[in-house]
Amino acid sequence: MYILPVNNFNIRNKTLGTKESKMVPVSPNVAFKSVKIADLVENKVSNNMERLNRIATTYLDILESVAAKLKDKGVIFDRAYCEQNPVKSPKSYTSKIVRSGSFKVPDAIRATLYMTNPYDLSILNNDLLPELKKRGYVISNTEMKVRDLKKRGYIPESGEKDETEKIIPDLDIRLADVDDQVSVLDFAYRYAISRPQKSGYEDIQMRLVRSFEKRKYPLQHELLILFGPNYAEAKHFESEKVYSVLRKFEELNVKVKANEENPDIKLIYRYIDLIEKMMRGKISHKLYENAKNKDMFGIDEEIPITFLKSDLDQFEHYFKVLKSKISSYYRKEKQAVMNNPEQLKILSREQRIDRARINTIYDKLSDTIAVFVKNKKREKN
């Protein structure tokens, strides 16, 4: 089975178009919450794995040949690394559909290249992309709202609103301080430069399609460009131990439903922000800087990742207040619907779920912090 979104669009001005007809949104809270539907999708993806693995093998072969050709440009392909997970597992595939409410899974097939100096965008534009094109792989298209494009220098046309969706090449250059190289890129990629992630993570991300494939919605191949193996290792650790844990804050019922003007909600949002900033500042940013220093500059000295007693106390305080404000929010909400048993039941259930989620986030982040506290103790010994 080959699952893709059902959407139609037209391209204007060759490289930047307006999406003319929108995909019908599918809420994960309605259709995809059904276990039967999720199981059906997962089973059908499983049945398609042999085909996807064949396509992924060809993709890796192509990337290996490109890296060999561009070795002098600092392009490196680690076959063993890429072969670990070249195809998204059926479970992960289904999970992404459930989370997004869309059948669009742009990273079903994925791979990574290392580039010792990705900041030189001429290598990307003049060497890597042309070599991929010679072998039948070209940048796919994606939709982006005018609101987000404006952050990349786009000037809206007359009548365009922030929510208007435009069609652009699916290339995202998430690097620091490369805005001045926009002229190095082909005109089609003039809005491809964005920013590093809040964690400090940098990469170049693109989705490729096979130019010879005749499907209306061809299979997309994700390609990430990283600084090197140390950066890849940092990415996996940070993603599992920090990013994916902090993302669970978005699943809180209190965040999804609540009015941000509510005093309790304002403080809930603020303390979540403080926790996120602490974890990113104390761990994520340093992990990525250390890894980049090793891969790009050969610097082995590391920025120390440490947690003093004052840091640990602050972490505990943030969660204590956060839990207190969430409890306060639900207490007031339940008081307002005391005469409505059904609403009381719903709020009580949501509160139990949020309490469990907060405890899970706290436990996982505590485990992450413990890694560095233990490392510090070992160094002293």
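Residues numbered from 1 in each chain as written. Predicted model: local features only at pLDDT ≥ 70, side-chain atom pairs only at ≥ 80, totals over all residues. Heavy atoms only, no water.

> Tell me what's going on with the overall build of the protein, and back it up with residues and numbers.
Assigned secondary structure in the protein consists of 11 helices and 9 strands. Burial status across the protein gives 46% buried among its 381 residues. In the protein, the share of contacts with a sequence separation of at least 24, taken over all contacts with a separation of at least 6, comes to 71%. If you sum the accessible surface of the protein, you get close to 20,500 Å²; carbon and sulfur atoms cover 50% of it. (Helix = DSSP H or I, 4+ residues; strand = E, 2+ residues; numbered from the N terminus. Buried < 20%, exposed > 50% of the residue type's maximum accessible area, 1.4 Å probe, protein only. Contact = heavy atoms within 4.5 Å. Areas by Shrake-Rupley, 256 points an atom, 1.4 Å probe, with all protein chains shown as cover.)

> Give me the lowdown on the pairing of strand β6 (residues 165-169), citing residues and values where you can.
With 5 of its 5 residues buried, β6 lies for the most part within the structure. Both strand β5 (residues 141-145) and β6 contribute to a ladder of 5 bridges, which runs antiparallel. Of the residues in β6, the one forming a bridge with Thr142 is Ile168. (Pairing = 2+ DSSP bridges.)

> Give me the confidence of the model for the protein: which residues, what numbers.
Residues of the protein with pLDDT of at least 70 account for 82%, and the chain-wide mean is 86. Between residues 20-34, whose pLDDT stays under 50, and residues either more than four places distant or in other chains, the model counts 24 contacts. (pLDDT = per-residue confidence, 0-100.)

> Break down the pairing of strand β7 (residues 171-174) for me, citing the residues and quoting the values.
Both faces of β7 are covered, namely the face carrying Leu171 and Ile173 and the face carrying Asp172 and Arg174. Here β7 pairs with strand β8 (residues 203-210) via 4 bridges, running antiparallel. Residue Asp172 lies in a different strand from β8, and its bridge partner there is Gln205.

> Tell me what's going on with helix α9 (residues 263-297), and back it up with residues and numbers.
Given a rise of 1.5 Å per residue, 35 residues ought to cover 51 Å, and the 48 Å separating the end C-alpha atoms of α9 matches this to within 8%. Of all the bends found along α9, the most pronounced is centred on Arg280 and spans about 45 degrees. One side-chain oxygen of the residue at the start of α9 lies 2.8 Å from the amide nitrogen of Asp264, identifying that residue as Asn262. Two residues or fewer after α9 comes Gly298, characterised by a positive phi angle close to 70 degrees. (Expected span 1.5 Å × (residues − 1). Bend = angle between axes of the 7 residues up to and from the residue. Polar contact = N/O pair within 3.5 Å; in protein donor to acceptor, adjacent residues only side chain to side chain.)

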